[in-house]
Amino acid sequence: MIKLSRISKSFGKNQVLKDITLSVEKGEVVVILGPSGSGKTTLLRCLNYLERPNDGTIAIGDYTVDCKHAGKKDIHQLRQKSAMVFQHYNLFKHKTALENVMEGLVIVQKLPKEEARKRSVEVLEKVGLGAKLDAYPSQLSGGQQQRVGIARALALNPEVILFDEPTSALDPELVGEVLDVIRKIANEGITMIVVTHEMSFAREVSNHVVFMDGGVIVEEGKPNELFGAPKEERTKQFLKRITSDWVYNI
Amino acid sequence: MGKKFDINYVLDFIPKLLSYLDITLFIVTASLVFGLLIGFLVALPRMYNVPVLKRVSQVYVSFFRGTPILIQLFLVYYGVPELFKLVNIDLSRTDVLVFVILSYSLHSGAFISEGIRAAVNGVERGQVEAAYSVGMNGFQAFTRIILPQALAISVPIFANLTIANLKDTSLAFTLGAMEMTGKSQTLGTATQHFIETYIALSLIYFVISTVLERAFHYVERRLLKHEKQLVQHGHRSRKRSLWGKPLVTRIEEGG
């Protein structure tokens, strides 16, 4: 469904992604883990072409883009096939929750307004915001804003939804409501790639875990394999530091 | 100086001065329109980091922000014809208003370019990325997402500038331009009632400035309806008239 091959990306002299090759099946929930600076967010942003990879190919569905020679049309096509949920929500501040969700449908997908509205209301109800249609982002809590962000991505009906650390800007007590919504979408069989630090959530929801460090994929596999019996030394180290159950064995 | 104070002259002068209001407003409007044009052109190289032009626009902005408007008027009025003489064009018969408008346009262009830069930078980069990620192109992202918010942010800047410009036009009389202040000079000389002309003049400027201030405040509230505090403020004060609101709420409410 999604095939990345030999993706490279440098910022100046700093090579952030080195020859990344990854394939994702339809309906899979992929979680990307890794320490900060490992390139996981950059990889996600490359998929949406918010960062321009220097080399490699990206294929989503039946559309393949050669990153070296990607033109405007390629980028546009690729972006239409994916949707992004941002760490800082990035809602359109001058638009209501409903307008935020409708914007892409009306302006990009050229849906008639009534139809766009109907679909947007449906999606917002799904994320539990049916009562907040006319609220502006400044009137919503962080968790609610992020759920609007998810609704905005979901409404576009993309082939894959990309989540860039969707809960790391939230108050701890608001994390749950957002994870619940993501879990719900995952259960509907929508393909997702999630960058997150929520280990227990990753383990529970995903069916494909990727561990990155230093711009390469160190290890990937089923959650049970990777969390239960990691093969690589670097993965073991990382999981040990992050999953904290041993701390209490004093 | 002059004759004994007589309040009747104030009332007598107001309509006479008002008949020159159109010239004052013409100078303000024309210089703002040209200023916007200049401001936009000057802001572009700085927003997009164009190597040499960026320096040029920096020098332009700091010169016109760093020198008094009166000096700028003299420089343009006496300096520009000299420059044109070098290429054998005679500007000695050109209407003084042309130089006045040129000076004020260059002056407000410097301030407007800074305003535009601040306003566009005021819209988070993340929203542009979000616009791209839902599939918008650059033009759509600019017109649908950045521009509406940048406009709202720039209203207070623009309001200050307009009012400052209105008051600054009073200096145009030093070049002999016949706008309101220029007229007041001739009225004063003719009747020897200078104080009365100044009172009449200040009343007119004050009323127009206040009307402009209210108008901009109203526009700003309309454009910023998505800001939480302003919405609440709007609810509280809805019962009071447009005129009943404090003049300096802008600072508390923030941009």
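Just so it is clear, the model here is predicted, and its values are computed rather than measured.

## Focus on the UniProt feature "domain: ABC transporter" (unreviewed entry) in chain A
UniProt annotation of "domain: ABC transporter" (unreviewed entry) refers to residues 2-239 of chain A when read in the numbering used here. Segment residues 2-239 of chain A splits into 39% helix and 26% strand. End C-alpha atoms: 27 Å apart.

## Considerations on the pattern of salt bridges
Evaluated as defined, the whole model comprises 18 salt bridges over all chains. Among the salt bridges present, the one from Arg183 of chain A reaches Glu204 of chain A, with a minimum N-O distance of 2.6 Å. In this pair, Arg183 of chain A sits in helix H6 (residues 172-187) while Glu204 of chain A sits in helix H7 (residues 199-205), placing the two residues 21 residues apart along the sequence. Residue class for Arg183 of chain A comes out partly exposed when judged on its relative accessible area of 22%. Bridged by salt links that share partners, the residues Arg46, Arg65, Glu114 and Arg117 of chain B form one connected network.

## Digging into the layout of surface pockets
Residue and element names in this part refer to chain B. Volume-wise, the largest pocket comes out at about 400 Å³. Considering the residues around the largest pocket, the lining is formed by 15 residues, among which Tyr48, Val120, Arg125, Phe142 and Ile146 are closest to the centre. Looking at the lining of the largest pocket, the elements that each hand over two or more residues are helix H2 (21-47), helix H5 (96-122), helix H6 (125-133) and helix H7 (138-168). Counting residues per element, the lining of the largest pocket draws most heavily on H7, which supplies 4 residues. Considering only residue class, the lining of the largest pocket consists of 11 nonpolar, 2 polar and 2 charged. Of the volumes computed, that of the second largest pocket is approximately 310 Å³. Every residue lining the second largest pocket is counted, 17 residues in all, and those nearest its centre are Leu36, Ile116, Ala150, Leu151 and Ser154. Here the lining of the second largest pocket gets 9 residues from one element, more than from any other, and that element is H7. Considered class by class, the residues forming the lining of the second largest pocket number 15 nonpolar, 2 polar and no charged.

## Observations concerning the interface of chain A and chain B
One widely used convention gives an interface's size as the accessible area the parts lose upon coming together. Counting residues at the interface gives 25 residues for chain A and 21 residues for chain B. Carbon and sulfur atoms supply 57% of the area that chain A and chain B bury against each other, a total of about 2,100 Å² over both sides. When residues of chain A are sorted by the area they lose upon contact with chain B, Phe92, Lys93 and His94 of chain A head the list and together hold 26% of the total. At the surface where chain A touches chain B, the tally comes to 3 salt bridges. When the shortest N-O distance is used, the salt bridge between Glu124 of chain B and Lys93 of chain A registers 2.0 Å. Here chain A is connected to chain B by 9 residue pairs in polar contact (both at pLDDT 80 or more). When contributions to the side of chain A that touches chain B are tallied by element, the ones reaching two or more residues are helix H2 (72-81), strand S6 (82-85) and helix H3 (97-108) of chain A. Taken together, the residues of the side of chain A that touches chain B sort by class into 10 nonpolar, 8 polar and 7 charged.

Conventions we followed
Residues numbered from 1 in each chain as written. Chains lettered and ligands numbered in written order. Predicted model: local features only at pLDDT ≥ 70, side-chain atom pairs only at ≥ 80, totals over all residues. Heavy atoms only, no water. UniProt positions renumbered as here; feature names shortened; annotations may be inferred. Helix = DSSP H or I, 4+ residues; strand = E, 2+ residues; numbered from the N terminus. Salt bridge = Lys/Arg side-chain N within 4 Å of Asp/Glu carboxyl O. Buried < 20%, exposed > 50% of the residue type's maximum accessible area, 1.4 Å probe, protein only. 1 Å grid on protein atoms, 1.4 Å probe; cavity = no way out; pocket = protein on both sides within 12 Å on 5 of 7 lines; lining within 4 Å. Points joined across faces, edges and corners; volume = space filled by probe spheres on them. Nonpolar A, V, L, I, M, F, W, Y, C, P; charged D, E, K, R; others polar. Contact = heavy atoms within 4.5 Å. Buried area = accessible area lost by both parts, 1.4 Å probe. Polar contact = N/O pair within 3.5 Å; in protein donor to acceptor, adjacent residues only side chain to side chain.

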